[in-house]
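Below are the chains, spelled out letter by letter.
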Amino acid sequence: MVLLSWIAVAIILISSTSILIARNWRISVAWLAVQYLAMFILLLSHAPLGMALVKLIAGWVSCAIIGMTRSGLPNNPAGQGIWPRARLFRLFAAGAVGVIVVGVVPSVNHIMADAGAAVASGALLLAGIGMLHLGMTSRILRVTQGLLTTLAGFEILYAAVEGSALITAALAAITLGVALVGAYLMIASRSIPAETS
Amino acid sequence: MTITAPTIWIFFPILLGGSLAFVHNRKFLSYFSAMVAVLLALMAQFVPIDKALLIGGISLKISPSFTILGRALTIASTEGALLTLIYGGAALWFFGSLAIYNTTQIAPLGFIIIGLLVASVAVQPFLYAALFIQLAVLISVPMLVSLSQPPGKGVLRFLIYQTLAMPFILMAGWLLAGVEASPGDLALAVQAASMLGLGFAFLLAIFPLYSWIPMLMEDSHPFIVGFLLWILPTMALIFLTGFLDRYSWLRTSPQLVFTLRAAGLLMIVSGGFWAALERHLGRIMAFGVIAETGFSLLALSLNTSAGILILFLLIPARTLTSALWSFGLSVIRNRVKTMRFSDIRGVLYDAPLAGAAIVLAMLSTGAFPLLAGFPPRLALWQNLASVSNSAALWMGIGILGLLMGAIRSLAAMSITEEFIGWSSQESLSQRLILGLGVIGLFILGVFPKSAQFFLSDLPLMFERLGR
Amino acid sequence: MFVFVTVGILLFAATAVLLLWIFLPARRVAWLVAIGGGTLALISVFIWLANPSAQIQLPAWQPAALFGQSLTFTSDLFASAFALSIVALSLSILFTAVVRDNFFNPLAWAGNLALTALGVLAVTADNLLTLALIWAAFDLTELIIQFRFVEDPKRTESAITAFAFHALGILMLLWADAAGATSGDSFNFHSATSQTGVYLLIAAGLRIGVLPLHLPYAGDSPLRRGFGTALRMTSAASSLILLARIPAGSIAAAFEPYLLAFTTLAAVYGGWMWLRAPDELTGRPFWLIGVGSLAVIATLRGNLAGAAAWSCALILCGGVLFLSSEPKRWLTRGLWVGAFGLSSLPFSLTASGWANTTPIFFPLWIPLLLAHVMLLTGFIRYISYTRIRNEDQPAWAKNIYSIGILLLFTINLLLGFFNWSASFQMGNLTASLIVSFLTFILVRFTPRLRILNPVRAHWVRPTASTWLDWSYQIIQTIYKQTSRASVVLTTMLEGESGIMWMLVFVAFLISFFAQGAP
């Protein structure tokens, strides 16, 4: 289980970084779905299967919602961000987050009732790269992905200490809600993120 | 017959809101929603919870709790006054939507938001409130942006900042439970408090996390933003007070008092600073709202029963001021290209009541005597000065900025190249609502006792702080 | 209780005039109602004197745990003197209205009566809360009136500027209240400490335009003689009462020299501009500044009776001059009563103005007395101005006009002799004789010395306020620079990098979190 958890952490590292650097929206949504799968694996070390499944399904449904909405919108290659679009810069920023995570994992693990280094690493990676994502873009699709990533990180950590059904249901509703709101805003703006199809 | 309080004040409004989403008749929506909100407010004030009533031979009892997924939603009798205030305040907005175009969504979504926020007060354990607040935030997005208009950046930032609040607060709640179990662990206590501070910094939009408020006021309909900027911070403040009430070590911590005071002053001073320099009417309201939250934080920082009394005295003033201010802005918005100072020259002569309402609401926020905001600010200033002279001075500087904002707005609306003459273009319903609002502002300002009917029982919500 | 009787009469009369104007617009009975109300109000003020120092306390604000003060009114001798002055002025304005071109103006009469009612409430206010509320009511009413009557955009700007300074005065008053709370006082006028006295003085100074020196209504007044006089004088009275309420010794010694210096400067400036103004109405704002400064000086010297005396002189002497428009010889001669009232000679209204109290830095007497001389010289010069005869006026109107002017003379003399702390005094004989002598010389020399001659009306504003404009220019520049800096900061926080800044903030807090201690 420990090995599986570390594999999940590796997937999280790859998927979250890929979402950050991907220019094609289909690829980034696909990586988001993979990210939820890795989250599911990490959740299994503390939460019952049923609860972990709820989160996985909510995450995948969210991916489906934003993917389907995005697919119905025209492309708009014009960018809005002021931040360097170079992948190298984004990789560097993700690397910086990774370094910070490595530094704080032991103390966070200690605080979170010894949730496990893998769980803490995965959760902090998701939260950190999610926040980085939020700071780097103002495009609706990317903001939605950033929020979902950050929330996924938090959910992994929180599941280690809290197993309430109400919380699980509410967090699943929030995940779906964020995706729906993202979809709504995308439709409202008719805007297209900078990714090329 | 037994009915639960959450059914009446949480589930019914949510279901009603969902049903009203399919109604498009503005007048019906406005009248009906306002009437239902008033009815719910009256019931909260006059129908006792957990006591049997005999109505025409039928015994009716409102039980306080409702269990869902193993957790309880409980509305105690002490919370009746808060419900009265919340539903009463909502009625102002619902009724106000009668005279403002493009606000039909305020009643349906407003009911759902209020239902969720009442659930945030009712849920046990109370720290789960963050989840319900987050759901309310998500529901409010369609209210701010219609499908026919592209969303501004303010909405996105609102969504981001409010969403980030929830994880921090939930985590802090869990850490606080750990602190209770081992009170001697100072490091854990500091960590918990930092988490909590961060969570509330996002939720209450504390400097510098409030950039979304002016952006939203610029992008979205002021009446709708006004509603959200009233209900969300008010409930978040109640939630924060709940935290302080629940954890005695937190309540008695001198660091907390310092942090709350510093945050409050930062909000008031920065809000006043920008209000004094801003050149957009809507954004000035945003900074007024920011300062308003600062006043509430300062009241909490007093950490006394007087502080709680001031906190609750601030609520009705904030409700009326926000409603009137956003209503006035909405009336003016329909007559001008933008609400920038360069575009509103002379608008006071076209919409004198709306202009006057805006200026009076601003003055009220700036503690101008006779107006609703004055009594709580006076009490706050006096109480603050008795514990810290320098803090009182900073509060004064913030107030000065707010007053400058009011005076500059008045100048921008009234000074023209040449005299254009008075000709009120406001509709009858707009005049009626604005007139009533202005009268209310003066009544609350001269007779603060008039609000005591609702407020006297409010502190009882908090077992330790309020008694 | 009698305070409310007076206020009630005034408000009732104002309402009645308004209703008559709305429902019977053609009938001139409204003027009679206004005169009746004013007369009854004046009589009722005299009744106060039967029970001096009576206090009325309204129920305290709720919750009682938060509000220690309640609205309180007093009818002591200072309050009576002020009330007598403003009610007399109000009545005089109504009497003299009959000779004005725009006589039939019920809205102005009602406004006059309502303002007077607020003025009476202000001068009888016995604590800061009460005064702050009345000031606010007064300022809002004044602002609405200005907007209603003024049709020149520049005047609108002036009205807003005046409102801004008045609001600042209220804020200073509230700050005094808060500072009083610091020292643990349940704050009222009688318990002002050295911490709070200075704020009260600045609050009054801000409202009358003395501290810092500012002239929102400089130049011509669109409301001119009648209603304009009511507006300016009652507004000044409502602020000046505070000077008579600040207890002696409650102004910190450290601030006194600076305040004295600023106020002296304002007094000299006001006096000089008053002397050089082309006519009394153009000079009115400088009259307010000049005499108001002398009242502030009296307070700074701990001479409360003197402050009250100067204030009453400002209203009564100023009032009689600004309302005089008819060339009646005996009335013009009667204006010398006003000059006597202002002279600080024994048994005059201002006899106590220079009374020996706290000694001041001796050389400061020179500019102070000079300011007084200029004010008095200007007053005498305006008395002697030729007034244009209006042949169309019927005899009855001229007689009624005379009653109005006579009323102010009478109250002026009455307050000089009547038994209150500022009256029936020898005062500072040396100062008053020097002032009278210098005034005599100046009056004689005015026609011969070009520098003392009035400037043309359209020159008043620019020449008068060069250095004032310059100082405001500096403030404006600072404001603009701050505004630019705020735009940069706003762009940073609201621009695309805003969330990155937020992340920096979060990282900063999380570093606390990771360390476990801040």
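If you're wondering where the values come from, they're calculated on a predicted model, not measured in any experiment.

**Q** Help me out: how do you make sense of the overall build of chain B in this one?
**A** Scanning chain B for helices and strands turns up 19 helices and 6 strands. Its C-alpha atoms give chain B a radius of gyration of 21 Å, within 12% of the compact-globule value 23 Å for 467 residues. Burial status across chain B gives 66% buried among its 467 residues. Long-range contacts, defined as pairs at least 24 residues apart, comprise 78% of the intrachain contacts of chain B with a sequence gap of at least 6.

**Q** How should helix α4 (residues 106-124) of chain C be read in this particular structure?
**A** Given 3.6 residues to a turn, an α-helix orients residues that are three or four positions apart in the same direction. The end-to-end C-alpha distance of α4 of chain C is 27 Å, a good match for the 27 Å that 19 residues give at a rise of 1.5 Å each. Among the 19 residues in α4 of chain C, 18 count as buried, and that is most of the element.

**Q** Where do I start with the packing of helix α3 (residues 49-71) of chain A against helix α6 (residues 140-159) of chain A in this structure?
**A** All names here are of chain A. Put simply, α3 and α6 touch, their axes get as near as 12 Å, and they point 175° apart. In terms of their interaxial angle, α3 and α6 are classed as roughly antiparallel. Between α3, through K55, G59, S62, I66 and R70, and α6, the contact on the second element is made entirely by L141, T144, L148, A152 and E155. Residue composition of the contact of α3 with α6, grouped by class: 4 nonpolar, 3 polar and 3 charged.

**Q** In this structure, what is going on with the pairing of strand β4 (residues 65-68) of chain B? I would like to understand it.
**A** One face of the sheet, then the other: side chains in a regular strand alternate in exactly this way. Residue and element names in this part refer to chain B. Alignment of β4 against strand β5 (residues 71-74), held across 4 bridges, turns out to be antiparallel. In the strand pairing of β5, I68 is matched with R71. Where β4 folds back on β5, the antiparallel hairpin that results is connected by 2 residues, among which L69 adopts a positive phi of roughly 45°.

**Q** What am I meant to see in the domain arrangement of chain B here?
**A** Residue and element names in this part refer to chain B. We note that the domain assignment places domain 1 (1-124) and domain 2 (125-461) within chain B. A straight line from the C-alpha centre of domain 1 to that of domain 2 covers 23 Å. Domain 1 puts 31 residues into the contact, and the matching count from domain 2 is 38 residues. Of all the secondary-structure elements, those providing two or more residues to the side of domain 1 that touches domain 2 are α3 (80-96), α4 (106-122) and β6 (123-124). Counting residues per element, the side of domain 1 that touches domain 2 draws most heavily on α4, which supplies 11 residues. Among the residues making up the side of domain 1 that touches domain 2, the classes are represented as 19 nonpolar, 10 polar and 2 charged.

**Q** Teacher, can you tell me more about the interface of chain B and chain A here?
**A** When the parts of a complex come together, some accessible area is lost, and that lost area is often taken as the interface size. Each partner contributes residues to the interface: chain B has 27 residues there, and chain A has 28 residues. For the side of chain B that touches chain A, the secondary-structure elements that each account for two or more residues are α5 (129-144) and α6 (153-181) of chain B. Top element by residues in the side of chain B that touches chain A is α6 of chain B. It accounts for 10 residues. Each residue belonging to the side of chain B that touches chain A can be placed in one class, and the counts come to 20 nonpolar, 5 polar and 2 charged.

**Q** So what exactly am I meant to see when it comes to the interface of chain C and chain B here?
**A** Each partner contributes to the interface: chain C provides 46 residues, whereas chain B provides 45 residues. Those elements that place two or more of their residues in the side of chain C that touches chain B are α5 (128-149), α6 (153-182), α17 (466-494) and α18 (498-515) of chain C. Sorting elements by how many residues they give to the side of chain C that touches chain B places α6 of chain C first, with 16 residues. The class makeup of the residues in the side of chain C that touches chain B is 32 nonpolar, 9 polar and 5 charged.

**Q** Can you help me understand helix α12 (residues 329-342) of chain C in this one?
**A** Residues and elements named next belong to chain C. Between its first and last C-alpha atoms α12 spans 21 Å; for 14 residues at 1.5 Å apiece the expected length is 20 Å, and the two agree. Turning to α12, its buried residues number three or more, namely L335, V337, G338, A339, F340, G341 and L342. Tucked into the core, α12 has its buried residues touching α11 (304-323), α13 (365-383) and α14 (395-417). A positive backbone phi angle near 65° is found at S344, which sits one or two residues after α12.

**Q** Explain the sheet that holds β6 of chain B here, please?
**A** Two pairing modes exist for strands in a sheet, parallel and antiparallel, and in both the strands are linked by backbone hydrogen bonds. Residues and elements named next belong to chain B. Read across the sheet, 3 strands follow the order β4-β5-β6 without closing on themselves; strand pairing throughout is antiparallel. Since the sheet does not close on itself, it has two edges, and those belong to β4 and β6, each with one partner. Relative to β6, β5 runs antiparallel, the two sharing 2 bridges. Counted as the bridge partner of A72 is Q124 from β6.

**Q** I tried to follow the pairing of strand β2 (residues 52-55) of chain B on my own but got confused; where do I start?
**A** Residue and element names in this part refer to chain B. Bridge analysis of β2 against strand β3 (residues 58-63) gives 4 bridges, and the strand direction is antiparallel. Of the residues in β3, the one forming a bridge with L54 is S59. Remark: 2 residues form the turn of the hairpin made by β2 and β3, two consecutive strands paired antiparallel; G56 in that turn has positive phi of roughly 55°.

**Q** For this particular structure, what's the right way to read the sheet that holds β3 of chain B?
**A** Residues and elements named next belong to chain B. A sheet is described by the order of its strands in space; here 3 strands give the open sequence β1-β3-β2, paired in mixed fashion. On the outer flanks of this sheet lie β1 (2-4) and β2, each paired with one strand and no other. Strand after strand, the sheet turns through a mean of 30° between neighbouring axes, direction not considered. Here helix α1 (residues 5-20) sits on the sheet and contacts β1 and β3; the angle it forms with β1, its principal contact strand, is near 45°.

**Q** What exactly am I supposed to notice about the confidence of the model for chain A here?
**A** For chain A, per-residue confidence averages 86 on the pLDDT scale, and residues scoring 70 or more make up 91% of the total. Below pLDDT 50 for its whole length, residues 192-197 of chain A participates in 21 contacts with residues either more than four positions away or in separate chains.

**Q** Help me understand the confidence of the model for chain B in this model?
**A** Any region with low pLDDT has predicted coordinates that should not be read closely. In this model, chain B carries a mean pLDDT of 90, and residues with pLDDT of at least 70 account for 100%. Taken over the whole predicted complex, pTM reads 0.90, whereas the ipTM for its chain interfaces reads 0.91.

**Q** Would you explain the packing of helix α11 (residues 254-277) of chain B against helix α12 (residues 281-301) of chain B in this entry?
**A** How two helices pack is summed up by the angle between their axes together with the distance between the axes. All names here are of chain B. Following both chains from N to C, one finds α11 and α12 inclined at 160°, their axes separated by 7 Å at the closest point. In terms of axis orientation, α11 runs roughly antiparallel to α12. The chirality of how α11 crosses α12 is left-handed. For the pair formed by α11 and α12, the contact residues are V257, L260, R261, A263, G264, L265, M267, I268, G271, G272, W274 and A275 on the first element and I284, F287, G288, I290, A291, T293, G294, F295, L297, L298, L300 and S301 on the second. Taken together, the residues of the contact of α11 with α12 break down into 16 nonpolar, 7 polar and 1 charged.

Reading guide: rules and limits
- Residues numbered from 1 in each chain as written.
- Chains lettered and ligands numbered in written order.
- Predicted model: local features only at pLDDT ≥ 70, side-chain atom pairs only at ≥ 80, totals over all residues.
- Helix = DSSP H or I, 4+ residues; strand = E, 2+ residues; numbered from the N terminus.
- Rg over C-alpha atoms; globule rule 2.2 N^0.38 Å.
- Buried ≥ 20, exposed ≤ 12 C-beta atoms within 10 Å, placed from the backbone.
- Contact = placed C-beta atoms within 7 Å.
- Expected span 1.5 Å × (residues − 1).
- Axes fitted to C-alpha atoms, helices over the stretch in contact; angles between N-to-C directions.
- Parallel < 35°, antiparallel > 145°, perpendicular 65-115°, else oblique.
- Nonpolar A, V, L, I, M, F, W, Y, C, P; charged D, E, K, R; others polar.
- Pairing = 2+ DSSP bridges.
- Domains from an automatic or database assignment.
- pLDDT = per-residue confidence, 0-100.
- Left-handed = near helix turned anticlockwise from the far one by under 90°.

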